[in-house]
Each structure stands twice: as C-alpha cells, then as structure tokens.
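# Residue-level structural notes
One letter stands for each residue in the lines below.
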Amino acid sequence: MTDKTDVGVMRRTLPALGLFFLAPLVAEFLLGNIPISQIFALLFLAPLYGGGAVLIREVVRRRGWGYPSVMILALAYGVLEEGVTTQSLFNPNYADLRLLDPGHISALGMGAPWTLFVLALHTVWSITVPIVLVESASRRPREPWLGKIGLWVYGAIFAAGIVANTAFALSSDSFVASPAQFAGTGIAIVVLVAIAARVGSRGQRRTAGTVPSAWLVGAAGLVLSSAFMLANDLVKNGWLQAGLMAALDVLAVIVVVRWSRRTGWTQLHSLAVAGGALLTYAWHAFPEDPVMDASRTTDLIGNVVFALIAVAVLTGATIRREKLSDS
C-alpha cells in the first residue's frame, strides 16, 4: 500500500517538476536570450520562472479558475519580475540597451514599447505556454498537483528565486527605482490579482457553436504571435511600435476569448494556441542576439537544439492529449 501511495504522489508531483524546469527553458533559452553554453543558468532561473509558474497554476486550479486567470496572474508575475527583480521597466539604461527611449513616458519613467513587449513575453511565453503544455500532457489538467507541503515548498523556492535574482541584478547594475515606481508596481500587482480572482470566480459561460480545427487555431496563434515579435523588431517609431503591439494583443485576446467560449473548444485547442506561440519563439531565436557572450556557432547550435526540443515537447503533448481524449 505504501509503495502504491508513493507512486501516486510521484505521478501527481512530476508534472509540477516538469513545469518548474520547462518555464525557464522556454522563457530564456528557447527565446535565444541565453546561449546553450550557459545552460547552468537554468538552475538559477528555475526558482524564479518555474516557481512562479507552478504557484500560479496551483492557485488557479485549487480555486477552480480557468486560463483567463492564469494569464492575468502571469501578467502580475511579469510586473513583479520587470518592476522589482530586474527593474527593467524603469531603468533607462538596462543592459546598456536604452530600452526606455522609444515611446518614453516621462511622468512614469517608462517606455511604452518595452513595457508592452516584455510584459507580453512573460504573460504568454514565460508562464502561460509552459502551463498549457504540461497540463495538456497530464491526466489531471484541471486538478491540483501539489499538497499543502508541496505548495509551501514551491512558495519558498519562488521567494528565494526572487531574492537571488534581485541580488544578482543589483550586483550588475546599481540602479534602483523610485519609491513611487515601486509603489505603483505593488498596486498594479494587487489589482491584477484581484482581477484574476474576480474573473475566475465568475467562471466562463459556454455558448453553442463550433470552432476551427486545432490546426487552424494553432496557425492563428503562430501568425499573431509572430506578427507581435516582428512589430517589435522591425518598427522603429516607438509610438507606432507600441500601437501595433497593443492592437495585436487586443486582436489575439478577442479571437481566443471568442473561440474558447464555444462548446466546441477543447484542451487540444488550448494546446494548439500555446504551440503556435512556442514555435514563434523557436524561429525568432535565430535572428535574436543573446544577452550573454557566445560565438555565432554556439548560438546557432543552441537555437537548433532548443527548437528541436520545443517541437518534441509539442508533439509529445499533442499525442498524449489525443490519447487521453480518446480514452
């Protein structure tokens, strides 16, 4: 009996462990931000990205909420990381890139394009995409994976990740945001958490209707997410860049919300949207310059390796989801 209990606990907690490491792999390595030669950084980043993803997923499923709440809490995570841990939302010369100059909002000390871009990255790719991928391969996609002890453990790991990554950022750059900026960040996080709870408690009403095939939904996810990345890369005017990215964000939300409210929407469709976004990161890594020094050959090898891993994970999750749907 004890052995069976241990096996059951292991099966429930393995998806959480998989999400713990998948989140930073997608967020930084698949993006092409960190080269494969720095793979050891995964252990440093997992407590932050992975801890955040696991906690968001567990809170949402314990409360009986859905993916809209996941995305809102993912946005809150992005505000926390970029407003407190890295302070890139306010640092005028973060990583020596002058990210806040285009579309600068002097009253807030922020840049409109960078704010929209980096928060979208965290909302979609750092948190939501990994959660959808792992849940789609799970027998219990809408149930908690952790008990109270596990939840506290991941919570402590996440807190340690915040402290460690904040300390590292401050050791690299002495910039510190103003008290007003920190206060605004805190208020934004509280408001987003409250909205996530409100949206989750209301539930999602389904209406009769069909949706496009999962293949078409995935293609739409790929096209919209690719257009978002290209708008950031190619448009030079800061305000036009911000406007295009905001318009694409709104369009994506409208399309996905409209489809997902129909009775024909399944977990396979959610996986298709996440898969389209995942493939966008995979192709975008090749023109992306890593923030850490690496030779072009090393960078290219890493991009190929992580792209192949992404395809393998997506294929495996799709096959697994189809088998579970048929059983």
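In this text the structure is predicted, and so the values were computed from the model without any measurement. (Residues numbered from 1 in each chain as written. Predicted model: local features only at pLDDT ≥ 70, side-chain atom pairs only at ≥ 80, totals over all residues. Heavy atoms only, no water.)

### Brief notes about the overall build of the protein
Helix and strand content of the protein: ten helices and two strands. For the protein, the α and β elements follow one another from N to C terminus as α-α-α-β-β-α-α-α-α-α-α-α. Counting only C-alpha atoms, the protein reaches 55 × 45 × 45 Å along its principal axes. Counting over 327 residues, the protein shows a buried share of 46%. A sequence separation of at least 24 residues applies to 79% of the contacts in the protein between residues at least 6 apart. For the protein, the accessible surface area stands at approximately 16200 Å², while carbon and sulfur atoms represent 69% of it. (Helix = DSSP H or I, 4+ residues; strand = E, 2+ residues; numbered from the N terminus. Buried < 20%, exposed > 50% of the residue type's maximum accessible area, 1.4 Å probe, protein only. Contact = heavy atoms within 4.5 Å. Areas by Shrake-Rupley, 256 points an atom, 1.4 Å probe, with all protein chains shown as cover.)

### Description of a positive patch on the surface
Taken together, the side chains of R198, R202, R205 and R261 make up a positively charged region of the molecular surface. Secondary-structure assignment places R202 in helix α6 (residues 179–202). (Patch = residues over 30% accessible without salt bridge, like charges linked within 9 Å, V, L, I, M, F, W, Y side chains within 5 Å. Salt bridge = Lys/Arg side-chain N within 4 Å of Asp/Glu carboxyl O. Lys, Arg positive; Asp, Glu negative; His and termini not counted. Charge placed at Lys NZ, Arg CZ, Asp CG, Glu CD.)

### Observations regarding the environment of S126
Residue placement: S126 occurs in helix α4 (residues 112–136). Judged by relative accessible area, which is 2%, S126 ranks as buried. The spatial distance from the C-alpha of S126 to the C-alpha of W239 is 25 Å, given a sequence separation of 113 residues. Setting aside residues up to four positions removed in sequence, S126 forms contacts with A23, A27, Y49 and L121.

### Some words on the packing of helix α7 (residues 214–234) against helix α8 (residues 238–260)
Interhelical geometry of α7 versus α8 gives an angle of 165° and a closest axis separation of 9 Å. Here α8 runs roughly antiparallel to α7, going by the angle between their axes. α7 and α8 meet at a crossing whose hand is left-handed. For the pair α7 and α8, contact is made by V217, A220, L224, A227, F228, A231 and N232 and by Q241, L244, M245, L248, D249, L251, A252 and W259, respectively. (Axes fitted to C-alpha atoms, helices over the stretch in contact; angles between N-to-C directions. Parallel < 35°, antiparallel > 145°, perpendicular 65-115°, else oblique. Left-handed = near helix turned anticlockwise from the far one by under 90°.)

### Comments concerning the nonpolar core
In this structure, L30, I56, W125, M229, L278 and Y281 are the most contacted members of the largest nonpolar core, which totals 75 residues. For this core, the element with the most residues is α4, which contributes 13 residues. Leave out the neighbours within four places in its chain, and L30 touches L25, L278, Y281, A282, A285, F306, A307 and A310. Ranked by size, the runner-up nonpolar core spans five residues in total, among them V217, W259, W265 and A272. (Core = buried A, V, L, I, M, F, W, Y, C linked by side-chain atoms within 4.5 Å.)

### Some words on the packing of aromatic side chains
Two descriptors summarise a pair of aromatic rings, namely the distance from one centre to the other and the angle between the planes of the rings. In this structure the tally under the stated criterion is nine aromatic pairs. Summarising the aromatic geometry, the rings of Y49 and Y77 are spaced 6.2 Å apart at their centres and angled 45° between planes, so their arrangement reads as tilted. Of this pair, Y49 sits in helix α2 (residues 41–63) while Y77 sits in helix α3 (residues 67–85); the two residues are 28 residues apart in sequence, bridging distant segments of the chain. Each member of the pair, Y49 as well as Y77, carries the same accessibility label: buried. Aromatic pair W114 and F117: ring centres 6.1 Å apart, planes at 45°, arrangement tilted. (Phe/Tyr/Trp six-rings, centres within 6.5 Å; stacked < 30°, edge-to-face > 60°.)

### With respect to helix α5 (residues 148–172)
With 25 residues, α5 should cover 36 Å at 1.5 Å per step; its first-to-last C-alpha distance of 36 Å lies within 8% of that length. Burial in α5 covers these residues: Y154, F158, G161, I162, N165, T166 and A169. (Expected span 1.5 Å × (residues − 1).)

### Overview of the pattern of salt bridges
For the structure on display, the rule yields six salt bridges. With a closest N to O distance of 2.8 Å, R61 and E135 form a salt bridge. In this pair, R61 sits in helix α2 while E135 sits in helix α4, placing the two residues 74 residues apart along the sequence. E135 sits in the buried class, given a relative accessible area of 0%. One salt bridge in this structure joins R98 and D101, with 3.1 Å as the shortest N-O distance. Note on R98: relative accessible area 39%, which makes it partly exposed. Within the structure, one salt-bridge network assembled from shared partners comprises R57, E58, R61 and E135.

### Structural notes on the packing of α4 against α7
Contact geometry of α4 with α7 gives a least axis separation of 11 Å together with a crossing angle of 155°. Put simply, α4 runs roughly antiparallel to α7. The crossing of α4 and α7 is left-handed. Within the contact between the two elements, α4 uses L116, F117, A120, L121 and W125 and α7 uses S225, F228, M229 and N232. Classifying every residue of the contact of α4 with α7 by side-chain character gives seven nonpolar, two polar and no charged. (Nonpolar A, V, L, I, M, F, W, Y, C, P; charged D, E, K, R; others polar.)

### Some points on unusual backbone geometry
In this model, Q87 sits at a positive phi of 60°, which is unusual for a non-glycine residue. Here Q87 is to be found in the loop between α3 and β1 (104–105). You will see that A95, though not glycine, has its phi angle at about 55°, which is positive. Structurally, A95 is set in the loop between α3 and β1. Residue classification places A95 among the partly exposed residues on the basis of a relative accessible area of 45%.

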